[in-house]
Amino acid sequence: MRLRGIRRSKNVEVRRGGGRGGRGGGGARAGGLGLVGVLFVLGIGYFTGIDVTPLLNGSGGSAPTQQSAPVSAEDDAATQFTAQVLATTEDVWDKVFREQLGRAYEPPRLVVFSGVTQSPCGGASGATGPFYCPADEKAYLDTSFFTMLSQRMGAEGDFAAAYVIAHEVAHHVQNQLGILPKVNAARQQSSQTEANALTVRLELMADCLSGVWAMNVQGLMERGDLDEALNAARKIGDDHLQKQAGRVPQPHTFTHGTSEQRARWFDRGYDSGQVGDCDTFAAERL
Ligand SMILES: [Zn+2]
């Protein structure tokens, strides 16, 4: 992705070296999360769009205890990259909202943190994976995530990372459109299997909306970028992640869709550039 000369978004909030509890968490909630806190995090996490978490469910490790991390040059590069990609999402969604939806777009804030930090949706760490919290309308991204994406998940390339940022912003778009609260309410009335199925539709829509974003930044894309995004979408498909974890894929537990579905819905948005083509809830077949 060609980002030279692209502005940096002002909506990035950097939280450095968060130890237990993190800095910038308000300080009111001192102490560790505790078991109840962890359960709370997991419960909330499932319906706020945590995207890479299934990978970690299968990895078998205990919760990481991260220490304060010094600011590295890598972190700085990751933060700059994130701020520039976020700026492209602001420009694209501002335009798409005006042209296709006839309304104004209010951009989200994006928290870039290292170590751990707090959000109204619960604590966040490198193990949480990027997520969007509707309660404060902020996306959360750990700087080590980019390394994990390429080294542990096999999703290489800057555009793979940009796609993940665009996906989290897409959850904010869903929130702005009132879709997120509606689906969350429906989930509360559903069985676990039904709730998972609703989440899959929400996630595939976010992938499609990421494709709409990508279509609108074609001018910044380099050869291979589209493949990087499609490859990343496949690498974080539920069936792929469960297989990687040594399990037989269990479709009723899927929350994000299969590799094939994720790549196809991204591609659909990329092909048409129309928000209206991303209505997974109207689709007979996902
Ligand atoms: Zn998501």
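Bear in mind the structure is a predicted one, so any value in this text is a computation, not a measurement.

J.: I'm lost on the packing of helix α3 (residues 73–101) against helix α7 (residues 192–216) in this one. Help?
T.: Helix packing for two helices is described by the angle between their axes and how far apart those axes are. For the pair α3 and α7, interaxial distance at closest approach is 10 Å and the crossing angle is 95°. Accordingly, the angle class assigned to the pair α3 and α7 is roughly perpendicular. Taken together, the residues of α7 that come into contact with α3 (itself represented by V85, T88, T89, V92, W93, K95 and V96) are L209, V212, W213 and N216. Looking at the contact of α3 with α7 residue by residue, the classes come out as 7 nonpolar, 3 polar and 1 charged.

J.: Quick question: what am I supposed to make of the pairing of strand β3 (residues 122–125) here?
T.: Remark: a regular strand shows side chains that alternate across the two faces of the sheet. Note that strand β2 (residues 109–119) and β3 share 4 bridges and pair antiparallel. Counterpart to V116 in the pairing with β3 is S125. Taken together, β2 and the strand that follows it, β3, pair antiparallel across an intervening segment of 2 residues.

J.: Honestly, the state of the cysteines in this entry has me stumped. Any pointers?
T.: Taken as a whole and assessed by the stated rule, the structure comprises 2 disulfides. Disulfide pairing is shown between C121 and C133; the S-S distance is 2.1 Å. The S-S bond linking C121 to C133 shows a torsion near 85°; that makes this disulfide right-handed. In this pair, C121 is assigned in the loop between β2 and β3 and C133 in strand β4 (residues 131–133), connecting sequence segments 12 residues apart. The exposure class of C121 is buried, given its relative accessible area of 8%.

J.: Even after reading the chapter, I still don't get the side chain of T88, so can you show me in this structure?
T.: Assignment of secondary structure puts T88 in helix α3. Assessed through its relative accessible area of 5%, T88 is described here as buried.

J.: So what exactly am I meant to see when it comes to the environment of Q100 here?
T.: As for its position among the elements, Q100 is in helix α3. Each C-alpha atom of the pair Q100 and Q274 lies 7.6 Å from the other, and the pair is 174 residues apart in sequence.

J.: Hey, could you run me through the pattern of salt bridges in this one?
T.: Oppositely charged side chains can form a pair if their charged atoms are brought close together. Per the counting criterion, the structure on display carries 10 salt bridges. Note that D91 and R7 form a salt bridge whose closest N and O atoms lie 2.9 Å from each other. Note that D91 is positioned in helix α3 and R7 in the segment before β1 (12–18), a separation of 84 residues in sequence. For D91, a relative accessible area of 45% puts it in the partly exposed group. Linking E13 and K138 is a salt bridge whose minimum nitrogen-to-oxygen distance equals 3.0 Å. Taken together, the residues E13 in strand β1 and K138 in strand β5 (residues 138–142) connect sequence positions 125 residues apart.

J.: Just checking my understanding: could you explain the environment of N231 for this structure?
T.: Tracing the backbone through its elements, the reader meets N231 in helix α8 (residues 225–235). The sequence separation of N231 and G157 amounts to 74 residues, and the corresponding C-alpha distance is 9.7 Å.

J.: What is the right way to look at unusual backbone geometry in this model?
T.: What is expected of a backbone is that most residues other than glycine have negative phi and most peptide bonds are trans. Phi is positive for E137, which is not a glycine, with a value near 55°. Topologically, E137 is positioned in the loop between β4 and β5.

What counts and how
Residues numbered from 1 in each chain as written. Predicted model: local features only at pLDDT ≥ 70, side-chain atom pairs only at ≥ 80, totals over all residues. Heavy atoms only, no water. Axes fitted to C-alpha atoms, helices over the stretch in contact; angles between N-to-C directions. Helix = DSSP H or I, 4+ residues; strand = E, 2+ residues; numbered from the N terminus. Parallel < 35°, antiparallel > 145°, perpendicular 65-115°, else oblique. Contact = heavy atoms within 4.5 Å. Nonpolar A, V, L, I, M, F, W, Y, C, P; charged D, E, K, R; others polar. Pairing = 2+ DSSP bridges. Disulfide = S-S within 2.5 Å. Buried < 20%, exposed > 50% of the residue type's maximum accessible area, 1.4 Å probe, protein only. Salt bridge = Lys/Arg side-chain N within 4 Å of Asp/Glu carboxyl O.

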